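Understanding the architecture of this molecule
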Amino acid sequence: MSQLLTVEGISKGFPGVQALDGVNFELDRGEVLALVGENGAGKSTLMKILSGIYTMDSGRIAIDGDEVDVNDPKVAQKLGISIIHQEMNLMPHLTVAQNIYIGREPRTGPWLRDGELNRRTKQLLEGLNIHLRPSQVVGDLTVASQQMVEIAKALSYDHTKILIMDEPTSAISISETQVLFGLIRSLRDRGVGIVYISHRMEELRQIADRVTVLRDGQYVGTRRMDEVSDDEIISMMVGREISAGYSSRQDVPAHTGELALSVRSLSTKKLLRDVSFDLHKGEILGFAGLMGAGRTETARALIGADPVSGGTVAVNGKEVRISGPEVAVRLGIGYLPEDRKRHGLMLEQDVAFNVAMASLSSNKAPLGFLREGRARKVTDRFIKALRIKTPSSRTMVKTLSGGNQQKVVIAKWLARDCDVLIFDEPTRGIDVGAKEEIYKLLNDLADEGKAIIMISSELPEVLRLSHRIVVMSQGRVTGTLTPDKADQESIMKLATQNIEDVAA
Ligand SMILES: Nc1ncnc2c1ncn2[C@@H]1O[C@H](COP(=O)(O)OP(=O)(O)OP(=O)(O)O)[C@@H](O)[C@H]1O
Ligand SMILES: [Mg+2]
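Quick caveat: nothing in here was measured; it's all calculated off a predicted structure.

Time to look at the coordination of the magnesium ion (ligand 2). Geometrically, a metal with four donors at the corners of a regular tetrahedron has ideal angles of 109.5 degrees, and one with six donors at the corners of a regular octahedron has ideal angles of 90 or 180 degrees. Donor atoms from the polypeptide that coordinate the magnesium ion (ligand 2) comprise Ser44 (OG) and Gln86 (OE1), at 2.1 to 2.2 Å from the metal. Of this pair, Ser44 sits in helix H1 (residues 43–50) while Gln86 sits in the loop between strand E6 (81–84) and helix H3 (96–100), and the two are 42 residues apart along the sequence. Looking at Ser44, the relative accessible area reads 16%, which means it is buried.

This next bit is on the site of ligand 1. The environment of ligand 1 is formed by 21 residues, the closest being Gly40, Lys43, Thr45, Ser401 and Gly403. Note that a nitrogen atom of ligand 1 is positioned 3.0 Å from one of the side-chain N or O atoms of Tyr54. One of the backbone nitrogen or oxygen atoms of Thr399 is found 3.1 Å away from an oxygen atom of ligand 1. Burial of ligand 1 by the protein amounts to 91% of the accessible area it has alone, namely 640 Å². Considering every element that reaches the shell around ligand 1, the biggest residue donor is H1, with 3 residues. When its residues are assigned to classes, the shell around ligand 1 shows 6 nonpolar, 11 polar and 4 charged. Each of domain 1 (5–238) and domain 2 (259–503) accounts for three or more of the residues forming the shell around ligand 1.

Turning next to the sheet that holds strand E4 (residues 58–63). The strands making up a sheet associate through backbone hydrogen bonding, with each pair oriented either parallel or antiparallel. Strands sit in the order E2-E1-E4-E5 across an open sheet of 4 strands; the sheet is antiparallel. Only two strands of the sheet have a single partner each, and these edge strands are strand E2 (17–27) and strand E5 (66–68). Averaged over all pairs of adjacent strands, the angle between strand axes in this sheet comes to 30°, irrespective of strand direction. In this structure, strand E1 (residues 5–14) lies alongside E4, joined through 5 bridges in antiparallel fashion. Looking at the pairing, Ser11 lines up with Ser58 of E4. Across the face of the sheet, H1 comes into contact with E1, E2 and E4 while running at roughly 65° to E2.

Thresholds applied
- Residues numbered from 1 in each chain as written.
- Chains lettered and ligands numbered in written order.
- Predicted model: local features only at pLDDT ≥ 70, side-chain atom pairs only at ≥ 80, totals over all residues.
- Heavy atoms only, no water.
- Donors = N, O, S within 2.8 Å, 3.2 Å for Na, K, Ca; no water.
- Helix = DSSP H or I, 4+ residues; strand = E, 2+ residues; numbered from the N terminus.
- Buried < 20%, exposed > 50% of the residue type's maximum accessible area, 1.4 Å probe, protein only.
- Near = heavy atom within 4 Å.
- Polar contact = N/O pair within 3.5 Å; in protein donor to acceptor, adjacent residues only side chain to side chain.
- Areas by Shrake-Rupley, 256 points an atom, 1.4 Å probe, with all protein chains shown as cover.
- Nonpolar A, V, L, I, M, F, W, Y, C, P; charged D, E, K, R; others polar.
- Domains from an automatic or database assignment.
- Pairing = 2+ DSSP bridges.
- Axes fitted to C-alpha atoms, helices over the stretch in contact; angles between N-to-C directions.
- Contact = heavy atoms within 4.5 Å.

Nothing here speaks to function; it is all geometry.
Encoded structure:
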């Protein structure tokens, strides 16, 4: 029997970039194939070609042995190809149900049948074990829930033969990931072929049968997962030897002890109860906890992005009132949001505009006098330091790969030169090699005396980088640990602590 999917010699160029250069791969029925590579390697581009969003320059695609011409997303759907996009493609003002069945709504003549739409959606969500209401407006949902809507949408086509998942778990919790893996396994058992893209090695180990590696738009090779080590996959990805091993922080000298930020009894109507902590100059304070524990909420309340119902904040020992993010920036507090598409970037602008925009506006110079040359120079420095893969500082941000967009957000806040930097999931979607660079950068910033809050769901990362670790659960701080006394287990215990249990 012929292969489910055969891809041969696919090439695709964009202005200034050869995104794909003669790539091959094969996918079997009932197989999960991991597709990996560094940020900008060409993974998403390849998948967009398979789903009819981009047209290839040359190459050949065959399904069940027959050559196909996937020149339009509708054609891809008819051929049974479904995709979960890396950057979410939902309509924020529409409901969950409207997003899932957009363009396929049940109708009687010209009339939409809303009841039927919601009923169908409810059934789908229940079958997938996703706890959302069909009538909820997508823009009001958390990033994690939006990602679950994307997943539900891709799984709502009943004749799917090939399912493409482009970093589907980047924003969801461990338990949601396990639900997703359960779904993947049952689809696989029904003969669906799945292409799974992720930068998380431990996920590939759990779910993939084989792994295909791309580097700089070229095909490097394919291995069976049970016959290849993590280090081997990584060196295929980066073309050199590096190890993904984690060491812990213990070797690092303690910070100077001078207070940068003091938060006392910060509360919000929605979630936070009496959140208190100190942050010192030169310190990296890790924030650990499960999804929804209140870490992002703490950051947002702190910078005045969300209303606060009580508590105080002191900067350099002086109590301040932070009524909004601009005030926070003026006080030297920068926040890199986890949801970069919504809060972090101007996608229709170029790289230099995004990197230098924030720091330039703080000069209060009238725009006409802004020296663009200087902005470009600053930007070029960050492009080099963070190895942002872009043809130039004039490239539009929306054309960069997901991981490289994330690096632009980081560069933007570094250019601003804040004394306190709050990083929310700084390495989400970042490849293994670049992660190391970001870790080094955070360490260097701390060594320069910056005070850093790092919110992260990756415990090894929290353990390795933090001087101290604040653990949250259900809107409260359940413990503060030092890395020498902490391990994944002790953190998880605090992170899952039920507040009612403590009170009792
Ligand atoms: N629409 C576009 N216009 C111009 N260049 C593009 C476009 N889409 C992708 N590129 C470029 O093609 C290259 C490959 O990008 P792609 O998004 O496929 O990478 P990726 O492997 O998915 O990376 P990541 O892990 O960061 O998601 C990058 O250099 C990117 O800037
Ligand atoms: Mg991508």
